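Per-entry structural report
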Amino acid sequence: MLNFKYIIHIVCYSCKYIKKLKYGYNKSELILPFNLFHILLQTKPIIMKQKKNRRYVYGAAACLVAIIALAGLYFFTPFNNQDDTYYIYIDRDDTMDSIYHKLEPIASSHALHAMKTLMRHGSYKDHVRTGRYAIRPGETTFTIFRRIKNGLQEPVNLTIPSVRTLDRLAAEVSKRLMMDSTELYKALTDNKICAKYGYDTATIAAMFIPNTYDIYWNTTVDNFLDRMKKENGKFWNAERRQKAKAMNLTPIEVTTLASIIDEETANNAEKPMVAGMYYNRLMLRDKEYPQGMPLQADPTIKFAWKDFGLRRIYHKLLTIDSPYNTYKYPGLPPGPIRIPSIAGIDAVLNHEKHNYLYMCAKEDFSGTHNFARTYQEHLRNAARYAKALNERGIK
């Protein structure tokens with residue numbers, strides 16, 4: 001009489017005989033029944049040891065059918081008992097036991113036991129592969145095992161956030177990927193690594209384009225940075241590069257100016273106007289401003305102080321000796337003060353051409369600005385805004 005445990009060992013042995021479980025089940029090689037039959041015929045303690053009567057052949061055939069049915073029930077029934085696709089994340093620290101624990105909420109008891117059997121006989125313990133794996137409704141235990149064993153993972157949708165600092169970038173990216181935030185931050189603040197991609201630690205933020213990308217959850221820091229460099233190259237196509245060249249700016253300089261534009265206004269319709277005003281200051285050359293008119297951009301003062309909660313920029317804050325102090329130093333700051341939006345970058349490349357040199361937030365707090373050609377006109381606009389702030393008690 002065949003016991004259940006022996007049946008499972010026969011099934012697993014036969015599966016190894018077919019593909020050694022290493023390469024996954026190949027549906028075109030449907031030889032399992034014949035191998036099982038061959039095994040049964042040669043297993044003397046079980047079948048036909050000293051019996052040659054025809055009824056024992058029928059008995060063997062019946063056992064074969066039973067084994068196949070049990071194998072189908074055990075390995076080829078649906079693993080996921082949920083209605084939705086479930087994702088399992090396997091990281092560097094995972095073991096077979098921790099993976100069982102992650103699978104337990106969605107699997108029936110016999111499906112989980114079948115997975116344990118496959119992992120044990122498939123030498124999975126020594127070949128755990130990290131990644132994000134999909135477990136869809138209706139998929140069999142054997143299909144799931146093959147996927148996890150062979151590392152056939154699903155990518156995640158990673159959106160690069162428009163953040164102000166590199167530590168925040170590292171923190172946000174690490175929430176969506178397996179990589180450690182400290183490891184990514186160390187790479188972003190390493191001049192040698194940044195130089196590999198054509199940047200330094202002040203400009204590396206310009207490499208990141210805030211789009212959504214399909215990327216594997218277990219990607220390494222090096223592969224992640226390589227991908228971001230590749231996506232940057234796609235973004236800076238011939239048309240955008242030509243527009244930047246016509247402005248006498250590099251892509252990094254465009255990105256740096258765009259970061260200021262994004263901090264000044266969230267109104268995409270107004271961004272080309274704001275970009276035109278700052279570009280006018282940047283390009284102005286006269287006796288008073290031989291190196292260009294200082295941008296005097298309040299967001300750069302916030303960045304210099306690393307105090308992004310400032311609501312009013314008082315004169316005492318303008319004394320900070322920082323290359324990001326655009327009240328003190330003409331030209332652009334050393335690099336972006338945030339990862340700018342695509343709308344911000346395109347606003348610079350397609351800035352409105354006008355002769356405004358000043359702007360001030362509107363007193364109605366609409367998020368838009370009053371523009372001025374002269375300093376006297378600007379002072380009147382600034383006075384109205386200051387009055388509105390005082391009336392609201394904003395300090």
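Residues numbered from 1 in each chain as written. Predicted model: local features only at pLDDT ≥ 70, side-chain atom pairs only at ≥ 80, totals over all residues. Heavy atoms only, no water.

Side note on the overall build of the protein chain
Just so we agree on the cut-off: To qualify as a helix, a DSSP run of H or I must reach at least 4 residues; to qualify as a strand, a run of E must reach at least 2; elements of each kind are numbered from the N terminus. Burial classes: relative accessible area under 20% of the type maximum marks a residue as buried, over 50% as exposed, and values in between as partly exposed (1.4 Å probe, protein chains only). Every residue pair with non-hydrogen atoms within 4.5 Å of one another is taken to be in contact.
Helix and strand counts for the protein chain come out as 16 helices and 6 strands. Burial statistics for the protein chain: of 395 residues in total, 46% are counted as buried. Nonlocal contacts in the protein chain, meaning residues at least 24 apart in sequence, comprise 65% of its contacts between residues at least 6 apart.

Quick look at the pairing of strand E6 (residues 369-372)
Test applied: A strand pair is defined by DSSP finding two or more bridges across the two strands.
On E6, burial covers both faces: His369 and Phe371 on one face and Asn370 and Ala372 on the other are all buried. Two elements, strand E5 (residues 358-361) and E6, share 4 bridges in a ladder whose sense is antiparallel. Considered in E6, the bridge of Met359 is made with Phe371.

A look at the confidence of the model for the protein chain
Operational definition: Each residue carries a pLDDT score, the predictor's own confidence in it, on a scale running from 0 to 100.
The share of residues in the protein chain with pLDDT of 70 or more is 81%, and the mean pLDDT across the chain is 85. Note on residues 1-8: pLDDT is under 50 here. Beyond four places in sequence and across chains, it has 12 contacts. Below a pLDDT of 50 lies the segment residues 36-41, which in the model reaches 16 contacts outside its immediate sequence neighbourhood of four places, other chains included.

Topic: the packing of aromatic side chains
What counts, and what does not: Two rings from Phe, Tyr or Trp (for Trp, the six-membered ring) form a pair when their centres are within 6.5 Å of each other. A pair whose planes differ by under 30 degrees is stacked, one over 60 is edge-to-face, and the rest are tilted.
Scanning the entire structure with this criterion turns up 9 aromatic pairs. Between Tyr124 and Phe145 the ring centres are 6.5 Å apart and the planes differ by 65 degrees, which places this aromatic pair in the edge-to-face class. A residue pair is termed long-range when its members are at least 10 positions apart, and Tyr124 in the loop between helix H5 (109-121) and strand E2 (131-135) and Phe145 in helix H6 (residues 141-150) qualify at 21 residues. Phe145 shares its class with Tyr124; the two are buried. Between Phe365 and Tyr385, the aromatic rings sit 5.9 Å apart at their centres with planes inclined by 50 degrees, giving tilted as the arrangement. In this pair, Phe365 is assigned in the loop between E5 and E6 and Tyr385 in helix H16 (residues 375-391), connecting sequence segments 20 residues apart.

Details of the nonpolar core
What counts is decided by this rule: For the purposes of this section, nonpolar cores are sets of buried Ala, Val, Leu, Ile, Met, Phe, Trp, Tyr and Cys residues that join through side-chain atoms within 4.5 Å.
Residues Ile160, Phe208, Phe224, Leu225 and Tyr278 are the most contacted members of the largest nonpolar core, which totals 61 residues. Sorting elements by how many residues they give to this core places helix H13 (residues 271-283) first, with 7 residues. In this structure, Leu225 is in contact with Leu184, Ala187, Leu188, Ile193, Tyr197, Met207 and Phe208, ignoring residues within four places of it in sequence.

Some words on the environment of Arg241
Position of Arg241 among the secondary structure elements: in helix H11 (residues 238-246). For Arg241, a relative accessible area of 42% translates into the label partly exposed. It is 6.9 Å that separates the C-alpha atoms of Arg241 and Pro251, two residues lying 10 residues apart in sequence. Those residues within four positions of Arg241 in sequence are excluded, and the remaining contacts are Trp236 and Pro251.

Details of the layout of surface pockets
We count it as follows: Buriedness of a pocket was judged along seven lines, with at least five required to meet protein on both sides within 12 Å; pockets are open sets of points on a 1 Å grid over the protein atoms alone, cavities are sets where a 1.4 Å probe fits but cannot get out, and lining residues have an atom within 4 Å of a point. Grid points are joined across faces, edges and corners, and a volume is the space filled by probe spheres set on the points. Polarity classes work like this: nonpolar for Ala, Val, Leu, Ile, Met, Phe, Trp, Tyr, Cys and Pro, charged for Asp, Glu, Lys and Arg, and polar for all others, with Gly in that last group.
Counted as a void, the largest pocket has a volume near 1,300 Å³. Taken together, the elements giving at least two residues each to the lining of the largest pocket come down to helix H12 (251-264), H13, helix H14 (298-305), E5 and H16. Take the lining of the largest pocket: its biggest share by element is 7 residues, from H16. Of the residues contributing to the lining of the largest pocket, the split by class is 22 nonpolar, 7 polar and 9 charged.

Brief notes about the packing of H12 against H14
The axes of two packed helices give the description: the angle between them and the distance between them. Rules: Every angle, taken between N-to-C directions, lies between 0 and 180 degrees, and every axis is a line fitted to C-alpha atoms, over only the stretch in contact when it is a helix. The labels follow the angle: roughly parallel below 35 degrees, roughly antiparallel above 145, roughly perpendicular from 65 to 115, and oblique for the rest.
Between H12 and H14, the least distance of the axes is 8 Å, while the angle of their chain directions is 100 degrees. The angle between H12 and H14 falls in the class roughly perpendicular. Along the contact surface, H12 presents Ile260, Glu263 and Glu264, while H14 presents Asp298, Pro299 and Thr300. Tallied by class, residues from the contact of H12 with H14 come to 2 nonpolar, 1 polar and 3 charged.

What about the environment of Arg120?
Within the secondary structure, Arg120 is located in helix H5. In the structure, Arg120 is positioned 24 residues away from Met96 in sequence and 9.0 Å away in space, judged by C-alpha atoms.

Thoughts on helix H8 (residues 181-188)
Where we set the bar: It is the directions from the helix axis to the C-beta atoms that the arc portrays. A 3.5 Å cut-off defines polar contacts: any pair of N or O atoms within that distance qualifies, except that in protein one atom must be a possible hydrogen donor and the other a possible acceptor, and neighbouring residues in sequence count only when both atoms are side-chain atoms.
Turning to H8, its buried residues are Leu184, Ala187 and Leu188. Along the axis of H8, the buried residues cluster in a sector spanning 100 degrees; they form a single face. Elements that come into contact with the buried residues of H8 comprise helix H7 (166-176), helix H9 (191-196) and helix H10 (221-235). With a side-chain oxygen positioned 3.1 Å from the backbone nitrogen of Thr182, the residue opening H8 is Asp180.

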